[in-house]
Amino acid sequence: MTYQPPAGARDLLPLDVAQKYWIENRLEQVFQRWGYHRIITSTVERMDTLMAGGAIDQEAVIELQPVAGKRLGLRPELTASIARTAVTRLARVTYPQRLYYNANVFRQATQGSHGGQQEFYQAGVELLGAGATVADAEIVLLLLDCLHSLALDSWCLILGDAQLTQALLTPFAPDQRQAVRQALAALDRVALDGIGLSPDLHRHALHLLDLRGHPEDVLQALGQLALEAEAETAVERLKSLIALVRDVINPGGEGQRLAPGSQRPAPALTLDLSLIQPFDYYTGLVFEVVTGPEQGCQVLGQGGRYDHLLGVFQGQGQGFPGIGFVLNIEALHQALLPTGYLPQDTPPSDWLVVPTAPQAAAAAFTYAQTLRASASLVRAEVHLADGESPATTRVLARQRRISRIAWIGPDGLPEIEALN
Ligand SMILES: N[C@@H](Cc1c[nH]c[nH+]1)C(=O)O
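Residues numbered from 1 in each chain as written. Predicted model: local features only at pLDDT ≥ 70, side-chain atom pairs only at ≥ 80, totals over all residues. Heavy atoms only, no water.

**Student:** Help me understand the overall build of the protein chain, please; the structure alone is not making it clear to me.
**Tutor:** Within the protein chain, the regular secondary structure consists of 14 helices and 15 strands. Taken along the three principal axes of its C-alpha coordinates, the protein chain extends 95 × 65 × 50 Å. When the 420 residues of the protein chain are sorted by exposure, 45% land in the buried category. Residue pairs at least 24 apart in sequence account for 68% of intrachain contacts in the protein chain once pairs closer than 6 positions are excluded. Carbon and sulfur atoms make up 53% of the accessible area of the protein chain, which totals about 21400 Å². On the protein chain, the mean spot of the 32 positive side-chain charges and the mean spot of the 44 negative ones are 5 Å from each other. (Helix = DSSP H or I, 4+ residues; strand = E, 2+ residues; numbered from the N terminus. Buried < 20%, exposed > 50% of the residue type's maximum accessible area, 1.4 Å probe, protein only. Contact = heavy atoms within 4.5 Å. Areas by Shrake-Rupley, 256 points an atom, 1.4 Å probe, with all protein chains shown as cover. Lys, Arg positive; Asp, Glu negative; His and termini not counted. Charge placed at Lys NZ, Arg CZ, Asp CG, Glu CD.)

Structural data, given as structure tokens:
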């Protein structure tokens, strides 16, 4: 019998890990430079936490055996867990809190999606206790800085607003709203025609279809709609956010736009009021970063503002602002593979320390240890084969790209050989 991994499971071999680490390490450095601190929450959560505030559908959660009558599941994302932690464990800290994480999440495989994959890796941030437009701008600029640190430049940032999208959908009857939402999100005119909307609502729906594209055009199209006061506030907020972000990435306002701190052209910015995120906890700005069509329009990351989620955990229904995003490590990995920036090999050992006789083994371990004690990282491995010819040992060392051999004699003394 051969043992197979469960369907959708993936093992990461050393090279995969080295590449994943390259990505995570860069992101972590950016998060730390912006003053964010790492938080680690439990992989297993109670089902009520995972689903609080409309975080996720029950069917998407991998549920475990209940313990003491409490239903448990593997976290499908971390925002709900962090909101729970903030409310229960971070009551006395000062706000805003800037938190980051790098963790695995689990989602029930849906047919045909991600090849049945159930475990994913995410690196993300949550900014808690700051509700102003500058906080939205910080998160968007931090996201841009992350992408810049990965030297990724072929992508598009799509901004939307959950509250505004909801306001634009209110004219539709509640039983039609979901179908309209889906048709808009999929840009599907045929599906819109099939919903059976009145001529006025059909026209309104077609108008909504056009609310995606260059921010100025979309804002102009919005100006032609009669909006409630709340929706107007959301539009004004989006305008200020876009202006603020542009002022940072394009200080002169003219000529070529630059990404923060770089000579690289700034990314395409799209406003899309049909942008709908899978989580219902979003209350304001929502966004995603996608690769260009030549790279399959992969979603590299997503996030948004959730000002009611912490209140759900407080049980008092009070608002408490939060905003954050995640970057999807697998999608970044796919996007980075063709660039050649990722490590192409695992690092070879610098030294092979070979005991030339059984009584040289202790001296070989001691010598390897002195090599490892160097201030910079030195990789030294002790050769474990018994009675092998030096020629065979050299072939093996070359195959493994090891550059130096220390032959340890029976007297414990090393003889050094450099391999080219
Ligand atoms: N947790 C969300 C992303 C997010 C972080 N903060 C706000 N939103 C996700 O997994 O898609």
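On we go.
**Student:** Would you explain the side chain of threonine 165 in this entry?
**Tutor:** Assignment of secondary structure puts threonine 165 in helix α5 (residues 162-169). Note on threonine 165: relative accessible area 7%, which makes it buried.

**Student:** I would appreciate a short explanation of the site of the ligand in the present structure.
**Tutor:** Taken together, 16 residues lie around the ligand, and Glu77, Thr79, Glu126, Tyr282 and Gln302 are the ones closest in. In this structure, a nitrogen atom belonging to the ligand sits 2.8 Å away from a side-chain N or O atom of glutamate 126. Within the side chain of glutamine 302, one N or O atom sits 2.8 Å away from an oxygen atom of the ligand. Secondary structure elements with two or more residues in the shell around the ligand: β5 (119-128), β10 (299-305) and β11 (322-328). Here the shell around the ligand is composed, by residue class, of seven nonpolar, six polar and three charged. (Near = heavy atom within 4 Å. Polar contact = N/O pair within 3.5 Å; in protein donor to acceptor, adjacent residues only side chain to side chain. Nonpolar A, V, L, I, M, F, W, Y, C, P; charged D, E, K, R; others polar.)

**Student:** Can you help me understand the sheet that holds strand β15 (residues 414-418) in this one?
**Tutor:** Either a parallel or an antiparallel arrangement is found when strands of a sheet pair, and the pairing is made through backbone hydrogen bonds. The strand order across the open sheet built from four strands is β13-β12-β14-β15, with neighbouring strands paired in mixed fashion. Every other strand in the sheet has two partners, leaving β13 (380-382) and β15 as the edge strands with one partner each. Within the sheet, the average angular offset between the axes of one strand and its neighbour, ignoring direction, is 20°. As judged from the three bridges shared by strand β12 (residues 351-355) and β13, these two strands associate in the parallel manner. (Pairing = 2+ DSSP bridges. Axes fitted to C-alpha atoms, helices over the stretch in contact; angles between N-to-C directions.)

**Student:** In this structure, what is going on with the UniProt feature "binding site: L-histidine" (unreviewed entry) in the protein chain? I would like to understand it.
**Tutor:** If you check UniProt for "binding site: L-histidine" (unreviewed entry), the listed places come out as Glu77, Leu78, Thr79, Arg107, Gln122, Glu126, Tyr281 and Tyr282 in our numbering. Mapped onto the elements of the fold, glutamate 126 is located in strand β5. Among residues more than four places away in sequence, those in contact with glutamate 126 are Tyr36, Thr79, Ile82, Gln97, Arg98, Leu99, Tyr101, Tyr306, Ile323 and Gly324. Reaching out from glutamate 126, the side chain makes a polar contact with the side chain of tyrosine 101 at a distance of 2.6 Å. With respect to the secondary-structure elements, tyrosine 282 resides in the loop between β8 (268-272) and β9 (285-291). With sequence-adjacent residues up to four places away left out, tyrosine 282 is seen in contact with Ala162, Gln277, Gly303, Gly304, Arg305 and Tyr306. (UniProt positions renumbered as here; feature names shortened; annotations may be inferred.)

**Student:** Explanation requested: the packing of aromatic side chains in the structure shown.
**Tutor:** Geometry of an aromatic ring pair is reported as the spacing of the ring centres plus the angle between the planes. Inspection of the entire model under this criterion finds seven aromatic pairs. With centroids separated by 4.8 Å and ring planes inclined at 70°, the aromatic side chains of tyrosine 281 and tyrosine 282 adopt a geometry described as edge-to-face. Since its relative accessible area comes to 3%, tyrosine 281 is described here as buried. Through successive ring pairs, a cluster of aromatic residues spans Phe279, Tyr281, Tyr282 and Tyr306. Sitting over the face of the ring of tyrosine 121, lysine 20 holds its NZ or CZ atom 3.9 Å from the ring centroid. (Phe/Tyr/Trp six-rings, centres within 6.5 Å; stacked < 30°, edge-to-face > 60°. Lys NZ or Arg CZ within 6 Å of the ring centre and 35° of its normal.)

**Student:** Honestly, the environment of glutamate 230 in this entry has me stumped. Any pointers?
**Tutor:** Turning to its location among the elements, glutamate 230 is positioned in helix α10 (residues 229-249). Put simply, glutamate 230 and isoleucine 323 are 93 residues apart on the chain and 19 Å apart in space, counted from C-alpha to C-alpha.

**Student:** Would you explain the nonpolar core in this entry?
**Tutor:** Inside soluble globular proteins, nonpolar side chains tend to come together where they are buried. Core analysis: the largest hydrophobic core is formed by 71 residues, its most contacted members being Leu27, Phe31, Leu157, Phe325 and Leu332. A total of 10 residues in this core trace back to one element, the largest contributor, which is helix α4 (residues 133-149). Among residues more than four places away in sequence, those in contact with phenylalanine 31 are Tyr36, Tyr100, Tyr101, Ala123, Gly124, Val125, Leu142, Cys146 and Phe325. Of all hydrophobic cores here, the second largest spans 30 residues; its members include Cys156, Phe279, Val286 and Leu310. (Core = buried A, V, L, I, M, F, W, Y, C linked by side-chain atoms within 4.5 Å.)

**Student:** Please clarify how helix α13 (residues 361-372) should be interpreted in this entry.
**Tutor:** Side chains three or four residues apart in an α-helix point the same way, a direct result of the helix having 3.6 residues per turn. Look at α13: 17 Å from first C-alpha to last across 12 residues, which is about the 16 Å you get at 1.5 Å a residue. For α13, the set of buried residues is Ala364, Ala368 and Leu371. Here the buried residues of α13 occupy an arc of 55° about the axis, which is enough to place them on one side. Away from its buried face, by an angle of more than 90 degrees, α13 presents the exposed residues Ala362, Thr366 and Thr370. Tucked into the core, α13 has its buried residues touching β12, β13 and β14 (404-408). (Expected span 1.5 Å × (residues − 1). Arc of directions from axis to C-beta.)

**Student:** I tried to follow the pairing of β10 on my own but got confused; where do I start?
**Tutor:** Along a regular strand, successive side chains alternate from one face of the sheet to the other. For β10, a buried count of six out of seven residues is recorded, marking the element as mostly surrounded by other parts of the structure. With five bridges joining them, β9 and β10 adopt antiparallel strand pairing. From the neighbouring strand, valine 286 faces β10, where its bridge partner is glycine 304.

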